[in-house]
Amino acid sequence: MIEELLQIKNDAISLILSTQTTEQLEEIRIQFLGRSGKLNIAMKQLPKLTPEERARFGKTANEIKNILEEAIINQKSKLKNQNKNKEKLSIDFTTPSIPPKIGHLHPITQAITDTVEVFKMLGYQAADGPEIETDYYNFEALNIPKDHPSRDTQMTFYLDDKEVQTNTPGEIILRTQMSGMQARVMEKMEPPVRVIVPGKVYRYEQVDASHGFEFWQLEGFLVDKHVRLTDLFGTLDYVLKALLGKNIELKFATTNFPFVEPGVDTYIKCTVCGGIGCSFCKNSGWSEIMPAGMIHPNVLRNVGFDPKVYNGFAFCIGFSRLVTLKYQMSDLRLLSNPDLRIINQF
Ligand code: DAH
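Residues numbered from 1 in each chain as written. Predicted model: local features only at pLDDT ≥ 70, side-chain atom pairs only at ≥ 80, totals over all residues. Heavy atoms only, no water.

**Student:** Teacher, can you tell me more about the sheet that holds strand 9 (residues 311-318) here?
**Tutor:** Strand pairing in a sheet relies on backbone hydrogen bonds. The paired strands run either parallel or antiparallel. Sheet architecture is open: seven strands sit in the order 1-4-5-9-8-7-6, paired in mixed fashion. Sheet topology places strand 1 (125-126) and strand 6 (250-257) at the edges, where each strand pairs with a single neighbour. The pairing of strand 1 with strand 4 (residues 193-202) spans two bridges and is classified as parallel. Each residue of the ladder has a partner; that of glutamine 125, found in strand 4, is valine 195. Against the sheet, helix 5 (residues 107-121) makes contact with strand 1, strand 4, strand 5 (214-224) and strand 9, and its axis sits at roughly 5° relative to strand 5, the strand it touches most. (Pairing = 2+ DSSP bridges. Helix = DSSP H or I, 4+ residues; strand = E, 2+ residues; numbered from the N terminus. Contact = heavy atoms within 4.5 Å. Axes fitted to C-alpha atoms, helices over the stretch in contact; angles between N-to-C directions.)

What follows is the structure in C-alpha coordinates.
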(Lines give C-alpha, C1' and ligand atoms only; values in the text may rest on other atoms or scores of the structure.)
Protein backbone atom coordinates (compact mmCIF):
# COMPACT_ATOMS: atom_id res chain seq x y z
CA MET A 1 0.00 0.00 0.00
CA ILE A 2 2.74 2.41 1.00
CA GLU A 3 4.47 1.52 -2.31
CA GLU A 4 1.38 2.67 -4.16
CA LEU A 5 1.62 6.04 -2.38
CA LEU A 6 5.33 6.37 -3.20
CA GLN A 7 4.59 5.56 -6.86
CA ILE A 8 1.97 8.33 -6.91
CA LYS A 9 4.51 10.74 -5.42
CA ASN A 10 7.21 9.89 -7.97
CA ASP A 11 4.81 10.15 -10.93
CA ALA A 12 3.49 13.47 -9.67
CA ILE A 13 6.93 14.99 -9.08
CA SER A 14 8.23 14.08 -12.53
CA LEU A 15 5.07 15.47 -14.18
CA ILE A 16 5.23 18.67 -12.11
CA LEU A 17 8.85 19.26 -13.09
CA SER A 18 8.11 18.75 -16.78
CA THR A 19 5.29 21.32 -16.97
CA GLN A 20 5.85 24.31 -19.23
CA THR A 21 2.83 26.42 -18.33
CA THR A 22 0.84 27.23 -15.20
CA GLU A 23 -2.23 25.70 -16.89
CA GLN A 24 -0.46 22.33 -17.24
CA LEU A 25 0.63 22.63 -13.62
CA GLU A 26 -2.95 23.21 -12.48
CA GLU A 27 -4.06 20.11 -14.42
CA ILE A 28 -1.43 18.02 -12.65
CA ARG A 29 -2.46 19.44 -9.28
CA ILE A 30 -6.09 18.44 -9.90
CA GLN A 31 -5.00 15.02 -11.22
CA PHE A 32 -3.09 14.24 -8.04
CA LEU A 33 -4.35 16.48 -5.23
CA GLY A 34 -7.90 17.30 -6.37
CA ARG A 35 -11.01 15.95 -4.61
CA SER A 36 -11.10 12.93 -6.90
CA GLY A 37 -7.33 13.03 -7.48
CA LYS A 38 -5.05 10.03 -7.24
CA LEU A 39 -4.05 10.70 -3.61
CA ASN A 40 -7.66 10.92 -2.39
CA ILE A 41 -8.61 7.77 -4.30
CA ALA A 42 -5.72 5.96 -2.59
CA MET A 43 -6.98 7.25 0.79
CA LYS A 44 -10.28 5.51 0.17
CA GLN A 45 -8.53 2.25 1.01
CA LEU A 46 -7.95 3.50 4.56
CA PRO A 47 -10.94 1.74 6.17
CA LYS A 48 -9.73 -1.63 4.88
CA LEU A 49 -6.47 -1.32 6.85
CA THR A 50 -5.60 -2.38 10.40
CA PRO A 51 -5.36 0.52 12.89
CA GLU A 52 -1.53 0.45 12.84
CA GLU A 53 -1.39 0.32 9.07
CA ARG A 54 -3.95 3.10 8.91
CA ALA A 55 -1.80 5.39 11.07
CA ARG A 56 1.30 4.79 8.94
CA PHE A 57 -0.59 5.11 5.70
CA GLY A 58 -2.30 8.32 6.77
CA LYS A 59 0.95 9.86 7.95
CA THR A 60 2.75 9.00 4.69
CA ALA A 61 -0.15 10.25 2.59
CA ASN A 62 -0.08 13.56 4.46
CA GLU A 63 3.65 13.92 3.98
CA ILE A 64 3.30 13.21 0.26
CA LYS A 65 0.52 15.77 -0.01
CA ASN A 66 2.79 18.40 1.60
CA ILE A 67 5.72 17.48 -0.65
CA LEU A 68 3.57 17.73 -3.79
CA GLU A 69 2.05 21.06 -2.73
CA GLU A 70 5.50 22.47 -2.13
CA ALA A 71 6.75 21.13 -5.47
CA ILE A 72 3.78 22.78 -7.21
CA ILE A 73 4.48 26.14 -5.54
CA ASN A 74 8.16 25.97 -6.53
CA GLN A 75 7.36 25.00 -10.11
CA LYS A 76 4.84 27.83 -10.35
CA SER A 77 7.39 30.47 -9.40
CA LYS A 78 9.97 28.91 -11.75
CA LEU A 79 7.51 29.13 -14.65
CA LYS A 80 6.66 32.74 -13.79
CA ASN A 81 10.35 33.73 -13.91
CA GLN A 82 10.82 31.91 -17.20
CA ASN A 83 7.92 33.83 -18.71
CA LYS A 84 9.34 37.11 -17.50
CA ASN A 85 12.67 36.35 -19.24
CA LYS A 86 10.84 35.28 -22.39
CA GLU A 87 9.00 38.58 -22.45
CA LYS A 88 12.31 40.39 -22.21
CA LEU A 89 13.78 38.38 -25.10
CA SER A 90 10.72 38.43 -27.29
CA ILE A 91 11.29 39.81 -30.77
CA ASP A 92 8.86 42.01 -32.59
CA PHE A 93 9.21 40.92 -36.18
CA THR A 94 7.25 43.92 -37.41
CA THR A 95 9.81 46.46 -36.14
CA PRO A 96 11.57 48.11 -39.12
CA SER A 97 15.15 46.82 -39.33
CA ILE A 98 18.33 48.88 -39.08
CA PRO A 99 19.33 49.47 -42.71
CA PRO A 100 22.57 47.58 -43.47
CA LYS A 101 25.59 49.68 -44.45
CA ILE A 102 26.06 49.33 -48.16
CA GLY A 103 29.53 49.67 -49.62
CA HIS A 104 30.42 51.17 -52.97
CA LEU A 105 33.23 51.13 -55.45
CA HIS A 106 36.39 53.02 -54.54
CA PRO A 107 36.71 56.28 -56.54
CA ILE A 108 39.71 54.83 -58.41
CA THR A 109 37.73 51.73 -59.38
CA GLN A 110 34.81 53.95 -60.39
CA ALA A 111 37.12 56.05 -62.57
CA ILE A 112 38.62 52.95 -64.21
CA THR A 113 35.16 51.51 -64.93
CA ASP A 114 33.96 54.82 -66.42
CA THR A 115 37.11 55.16 -68.52
CA VAL A 116 36.88 51.62 -69.88
CA GLU A 117 33.28 52.38 -70.93
CA VAL A 118 34.36 55.52 -72.82
CA PHE A 119 37.07 53.60 -74.69
CA LYS A 120 34.71 50.75 -75.49
CA MET A 121 32.57 53.26 -77.38
CA LEU A 122 35.63 54.11 -79.47
CA GLY A 123 36.13 50.44 -80.32
CA TYR A 124 38.92 49.61 -77.86
CA GLN A 125 39.28 46.21 -76.19
CA ALA A 126 40.39 45.96 -72.55
CA ALA A 127 43.27 43.66 -71.57
CA ASP A 128 44.95 42.63 -68.32
CA GLY A 129 48.53 41.72 -67.45
CA PRO A 130 50.92 40.69 -64.65
CA GLU A 131 52.04 43.08 -61.89
CA ILE A 132 55.28 41.09 -61.58
CA GLU A 133 56.95 41.76 -64.88
CA THR A 134 60.16 41.03 -66.70
CA ASP A 135 62.74 43.69 -67.51
CA TYR A 136 62.20 42.87 -71.17
CA TYR A 137 58.52 43.84 -71.37
CA ASN A 138 58.76 46.70 -68.91
CA PHE A 139 61.81 48.32 -70.54
CA GLU A 140 63.62 46.65 -73.40
CA ALA A 141 60.68 45.98 -75.70
CA LEU A 142 59.82 49.65 -75.24
CA ASN A 143 63.12 50.82 -76.70
CA ILE A 144 64.62 51.33 -73.24
CA PRO A 145 67.89 49.34 -73.19
CA LYS A 146 69.65 48.49 -69.90
CA ASP A 147 71.85 51.61 -69.88
CA HIS A 148 69.13 54.04 -70.96
CA PRO A 149 69.00 57.18 -68.77
CA SER A 150 65.20 57.18 -68.69
CA ARG A 151 65.36 54.15 -66.39
CA ASP A 152 66.48 56.54 -63.67
CA THR A 153 63.08 58.24 -63.72
CA GLN A 154 61.34 54.96 -63.01
CA MET A 155 62.79 53.93 -59.67
CA THR A 156 62.28 50.20 -59.87
CA PHE A 157 61.49 47.56 -57.25
CA TYR A 158 63.60 44.51 -58.15
CA LEU A 159 62.40 41.11 -56.97
CA ASP A 160 64.44 38.14 -55.81
CA ASP A 161 64.24 35.12 -58.04
CA LYS A 162 65.82 32.72 -55.54
CA GLU A 163 63.28 29.94 -55.94
CA VAL A 164 62.99 29.81 -59.70
CA GLN A 165 66.53 30.81 -60.65
CA THR A 166 65.69 30.83 -64.32
CA ASN A 167 66.38 34.51 -64.74
CA THR A 168 69.54 36.49 -64.20
CA PRO A 169 69.31 38.87 -61.20
CA GLY A 170 67.47 42.11 -61.98
CA GLU A 171 65.23 40.55 -64.59
CA ILE A 172 62.11 40.27 -62.43
CA ILE A 173 60.54 43.51 -61.23
CA LEU A 174 57.28 45.06 -60.08
CA ARG A 175 56.01 46.77 -63.21
CA THR A 176 56.77 50.48 -63.21
CA GLN A 177 54.50 51.40 -66.10
CA MET A 178 51.53 49.95 -67.92
CA SER A 179 53.29 50.67 -71.24
CA GLY A 180 54.94 47.27 -70.75
CA MET A 181 51.69 45.75 -71.90
CA GLN A 182 52.19 47.18 -75.41
CA ALA A 183 54.58 44.41 -76.44
CA ARG A 184 52.74 41.69 -74.52
CA VAL A 185 49.49 42.48 -76.33
CA MET A 186 50.84 43.36 -79.78
CA GLU A 187 52.92 40.17 -79.98
CA LYS A 188 49.63 38.28 -79.97
CA MET A 189 47.72 40.51 -82.41
CA GLU A 190 47.73 41.74 -85.99
CA PRO A 191 46.84 45.38 -86.77
CA PRO A 192 44.44 47.07 -86.48
CA VAL A 193 45.10 47.14 -82.73
CA ARG A 194 42.97 49.20 -80.31
CA VAL A 195 43.62 48.15 -76.74
CA ILE A 196 43.49 49.65 -73.26
CA VAL A 197 45.09 48.08 -70.18
CA PRO A 198 44.25 49.44 -66.72
CA GLY A 199 46.48 48.35 -63.84
CA LYS A 200 48.55 49.18 -60.81
CA VAL A 201 52.21 50.12 -61.10
CA TYR A 202 54.94 50.48 -58.50
CA ARG A 203 57.87 52.84 -58.09
CA TYR A 204 60.41 53.37 -55.35
CA GLU A 205 59.34 57.00 -55.03
CA GLN A 206 59.42 59.70 -52.42
CA VAL A 207 55.76 60.03 -51.40
CA ASP A 208 54.22 63.52 -51.41
CA ALA A 209 50.90 65.26 -52.19
CA SER A 210 51.09 64.29 -55.85
CA HIS A 211 53.28 61.15 -55.86
CA GLY A 212 52.72 57.67 -54.45
CA PHE A 213 54.84 54.51 -54.54
CA GLU A 214 51.95 52.54 -56.03
CA PHE A 215 49.44 54.05 -58.41
CA TRP A 216 47.00 53.22 -61.16
CA GLN A 217 47.52 53.83 -64.84
CA LEU A 218 45.57 53.02 -67.95
CA GLU A 219 47.73 52.46 -70.99
CA GLY A 220 46.10 52.66 -74.39
CA PHE A 221 47.48 52.08 -77.85
CA LEU A 222 46.28 52.04 -81.41
CA VAL A 223 48.15 50.64 -84.41
CA ASP A 224 46.84 50.80 -87.95
CA LYS A 225 47.78 52.25 -91.33
CA HIS A 226 48.08 56.05 -91.77
CA VAL A 227 47.52 57.05 -88.14
CA ARG A 228 48.14 60.79 -87.58
CA LEU A 229 49.20 62.84 -84.58
CA THR A 230 45.89 64.71 -84.85
CA ASP A 231 44.07 61.37 -84.37
CA LEU A 232 45.86 61.14 -81.05
CA PHE A 233 44.93 64.73 -80.08
CA GLY A 234 41.30 64.12 -81.04
CA THR A 235 41.18 60.92 -78.99
CA LEU A 236 42.71 62.51 -75.89
CA ASP A 237 40.43 65.54 -76.14
CA TYR A 238 37.33 63.37 -76.53
CA VAL A 239 38.20 61.00 -73.71
CA LEU A 240 39.22 63.63 -71.16
CA LYS A 241 36.10 65.72 -71.84
CA ALA A 242 33.94 62.60 -71.51
CA LEU A 243 35.56 61.85 -68.15
CA LEU A 244 36.04 65.28 -66.61
CA GLY A 245 33.38 67.41 -68.27
CA LYS A 246 33.23 69.54 -71.42
CA ASN A 247 34.50 72.69 -69.68
CA ILE A 248 38.00 71.47 -68.94
CA GLU A 249 40.89 73.22 -70.65
CA LEU A 250 43.65 71.16 -72.22
CA LYS A 251 47.02 71.96 -73.69
CA PHE A 252 49.60 69.76 -75.35
CA ALA A 253 53.37 70.09 -75.26
CA THR A 254 56.19 68.06 -76.70
CA THR A 255 58.15 65.76 -74.44
CA ASN A 256 60.46 62.80 -74.63
CA PHE A 257 59.80 59.12 -73.93
CA PRO A 258 61.98 56.49 -75.61
CA PHE A 259 59.02 54.51 -76.91
CA VAL A 260 57.25 57.38 -78.70
CA GLU A 261 58.33 59.86 -81.35
CA PRO A 262 57.17 62.55 -81.03
CA GLY A 263 56.20 62.43 -77.36
CA VAL A 264 53.30 64.55 -76.11
CA ASP A 265 52.39 65.76 -72.64
CA THR A 266 48.73 66.57 -72.04
CA TYR A 267 48.02 69.21 -69.43
CA ILE A 268 44.71 70.12 -67.86
CA LYS A 269 44.08 73.47 -66.20
CA CYS A 270 44.35 72.71 -62.48
CA THR A 271 40.89 72.04 -61.06
CA VAL A 272 42.13 72.50 -57.50
CA CYS A 273 43.13 76.18 -57.91
CA GLY A 274 41.44 76.99 -61.24
CA GLY A 275 44.79 77.82 -62.82
CA ILE A 276 46.00 80.35 -60.24
CA GLY A 277 48.71 78.04 -58.92
CA CYS A 278 48.78 75.77 -55.88
CA SER A 279 50.92 73.06 -54.30
CA PHE A 280 49.09 70.39 -56.28
CA CYS A 281 50.01 71.87 -59.69
CA LYS A 282 53.37 73.08 -58.33
CA ASN A 283 52.20 76.67 -58.85
CA SER A 284 52.09 76.27 -62.62
CA GLY A 285 48.27 76.38 -62.91
CA TRP A 286 48.40 73.27 -65.07
CA SER A 287 48.51 69.61 -64.16
CA GLU A 288 50.15 67.00 -66.34
CA ILE A 289 47.64 64.26 -66.79
CA MET A 290 48.25 62.16 -69.85
CA PRO A 291 51.59 61.52 -71.51
CA ALA A 292 51.30 60.14 -75.02
CA GLY A 293 52.96 60.01 -78.41
CA MET A 294 53.33 58.28 -81.75
CA ILE A 295 54.70 54.76 -81.20
CA HIS A 296 58.43 54.54 -81.95
CA PRO A 297 59.28 52.36 -85.01
CA ASN A 298 61.59 50.23 -82.81
CA VAL A 299 58.66 49.21 -80.58
CA LEU A 300 56.69 48.12 -83.64
CA ARG A 301 59.69 46.22 -84.97
CA ASN A 302 60.11 44.46 -81.59
CA VAL A 303 56.65 42.94 -81.91
CA GLY A 304 57.06 42.05 -85.58
CA PHE A 305 55.04 44.90 -87.16
CA ASP A 306 56.59 46.60 -90.22
CA PRO A 307 56.90 50.32 -89.32
CA LYS A 308 56.86 51.20 -93.05
CA VAL A 309 53.32 49.79 -93.26
CA TYR A 310 51.90 50.43 -89.81
CA ASN A 311 52.08 53.22 -87.30
CA GLY A 312 50.11 54.20 -84.23
CA PHE A 313 49.88 56.12 -81.00
CA ALA A 314 50.03 55.32 -77.31
CA PHE A 315 48.86 57.20 -74.25
CA CYS A 316 48.67 56.75 -70.53
CA ILE A 317 46.09 58.01 -68.04
CA GLY A 318 47.34 58.42 -64.49
CA PHE A 319 44.29 57.52 -62.43
CA SER A 320 45.37 58.82 -59.08
CA ARG A 321 45.99 62.22 -60.70
CA LEU A 322 42.74 62.05 -62.69
CA VAL A 323 40.64 61.27 -59.62
CA THR A 324 42.27 63.93 -57.45
CA LEU A 325 41.64 66.48 -60.19
CA LYS A 326 38.07 65.35 -60.72
CA TYR A 327 37.19 65.63 -57.03
CA GLN A 328 39.51 68.59 -56.42
CA MET A 329 41.48 66.75 -53.75
CA SER A 330 44.65 68.48 -52.70
CA ASP A 331 46.49 65.32 -51.68
CA LEU A 332 46.75 62.10 -53.64
CA ARG A 333 47.52 60.14 -50.46
CA LEU A 334 43.88 60.53 -49.39
CA LEU A 335 43.03 57.96 -52.06
CA SER A 336 44.84 55.18 -50.25
CA ASN A 337 43.63 56.23 -46.81
CA PRO A 338 41.26 53.55 -45.51
CA ASP A 339 39.32 56.00 -43.30
CA LEU A 340 35.66 55.55 -44.28
CA ARG A 341 34.95 59.22 -43.56
CA ILE A 342 37.01 59.96 -46.68
CA ILE A 343 35.90 57.08 -48.88
CA ASN A 344 32.20 57.61 -48.12
CA GLN A 345 32.30 61.11 -49.58
CA PHE A 346 32.39 59.69 -53.09
N1 DAH B 1 54.68 54.80 -69.35
C2 DAH B 1 55.02 56.17 -69.09
C3 DAH B 1 55.23 56.34 -67.60
O4 DAH B 1 54.64 55.64 -66.82
C5 DAH B 1 53.94 57.08 -69.55
C6 DAH B 1 53.71 57.14 -71.03
C7 DAH B 1 54.34 58.12 -71.77
C8 DAH B 1 52.89 56.22 -71.65
C9 DAH B 1 54.12 58.20 -73.13
C10 DAH B 1 52.67 56.30 -73.01
C11 DAH B 1 53.30 57.30 -73.74
O12 DAH B 1 51.90 55.45 -73.68
O13 DAH B 1 53.07 57.37 -75.05
O14 DAH B 1 55.96 57.21 -67.21
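**Student:** How should the site of the ligand be read in this particular structure?
**Tutor:** For the ligand, the set of nearby residues contains 16 residues, the closest of which are Gln177, Ser179, Arg203, Gln217 and Glu219. The contact in question runs from an oxygen atom of the ligand to an N or O atom on the backbone of glycine 293, over 3.4 Å. Isolated, the ligand exposes 360 Å² of accessible area, and the fraction of that covered by the protein chains is 95%. For the shell around the ligand, the secondary-structure elements that each account for two or more residues are strand 5, strand 8 (286-295) and strand 9. Considered class by class, the residues forming the shell around the ligand number eight nonpolar, six polar and two charged. (Near = heavy atom within 4 Å. Polar contact = N/O pair within 3.5 Å; in protein donor to acceptor, adjacent residues only side chain to side chain. Areas by Shrake-Rupley, 256 points an atom, 1.4 Å probe, with all protein chains shown as cover. Nonpolar A, V, L, I, M, F, W, Y, C, P; charged D, E, K, R; others polar.)

**Student:** Hey, could you run me through the side chain of threonine 266 in this one?
**Tutor:** Within the secondary structure layout, threonine 266 lies in strand 7 (residues 260-269). A polar contact of 2.6 Å, which involves the side chain of threonine 266, links it to the backbone oxygen of methionine 290.

**Student:** Quick question: what am I supposed to make of the domain arrangement of the chain here?
**Tutor:** Interfaces are often sized by the amount of accessible area the parts lose when they come together. Domain boundaries assigned for the chain yield domain 1 (2-88) and domain 2 (107-343). Each of domain 1 and domain 2 has a C-alpha centre, and the two are 89 Å apart. (Domains from an automatic or database assignment.)

**Student:** I would appreciate a short explanation of unusual backbone geometry in the present structure.
**Tutor:** Negative phi is the rule for most residues except glycine; trans is the rule for most peptide bonds. Cis geometry is found at the peptide bond from proline 191 to proline 192, where omega equals 5°. Secondary-structure assignment places proline 192 in the loop between helix 7 (181-186) and strand 4. Going from glutamate 261 to proline 262, the amide bond is cis rather than trans, its omega being 0°. Here proline 262 shows up in strand 7. With phi around 55°, histidine 226 is a residue other than glycine that occupies positive phi space. If you trace the backbone, histidine 226 turns up in the loop between strand 5 and helix 8 (229-244).

**Student:** How should I be thinking about the packing of aromatic side chains in this particular structure?
**Tutor:** The relation between two aromatic rings is expressed through the spacing of the ring centres and the mutual angle of the planes. Scanning all chains against the criterion turns up ten aromatic pairs. When the centroid spacing of 4.7 Å and the interplanar angle of 65° are considered together, the rings of tyrosine 327 and phenylalanine 346 count as edge-to-face. Note that tyrosine 327 is positioned in the loop between helix 10 (319-326) and helix 11 (340-343) and phenylalanine 346 in the segment after helix 11, a separation of 19 residues in sequence. Under the relative-accessibility criterion, tyrosine 327 is labelled partly exposed at 30%. Looking at phenylalanine 346, the relative accessible area reads 24%, which means it is partly exposed. Residue placement shows lysine 251 over the ring face of tyrosine 267; its charged tip is 5.7 Å from the ring centre. (Phe/Tyr/Trp six-rings, centres within 6.5 Å; stacked < 30°, edge-to-face > 60°. Buried < 20%, exposed > 50% of the residue type's maximum accessible area, 1.4 Å probe, protein only. Lys NZ or Arg CZ within 6 Å of the ring centre and 35° of its normal.)

**Student:** How do you make sense of helix 8 when you look at a structure like this?
**Tutor:** Three or four residues apart is the spacing at which side chains of an α-helix point the same way, because the helix has 3.6 residues per turn. In this model, helix 8 (16 residues) spans 22 Å end to end at C-alpha, consistent with the 22 Å of a helix rising 1.5 Å per residue. Looking at helix 8, one finds that the buried residues are Leu232, Thr235, Leu236, Val239, Leu240, Leu243 and Leu244. Projected down its long axis, helix 8 carries its buried residues within an arc of 125°, all on one side. The inward-facing, buried residues of helix 8 abut helix 5, strand 6, strand 7, strand 8, strand 9 and helix 10. Positive backbone phi, approximately 105°, marks glycine 245, located one or two places after helix 8. (Expected span 1.5 Å × (residues − 1). Arc of directions from axis to C-beta.)

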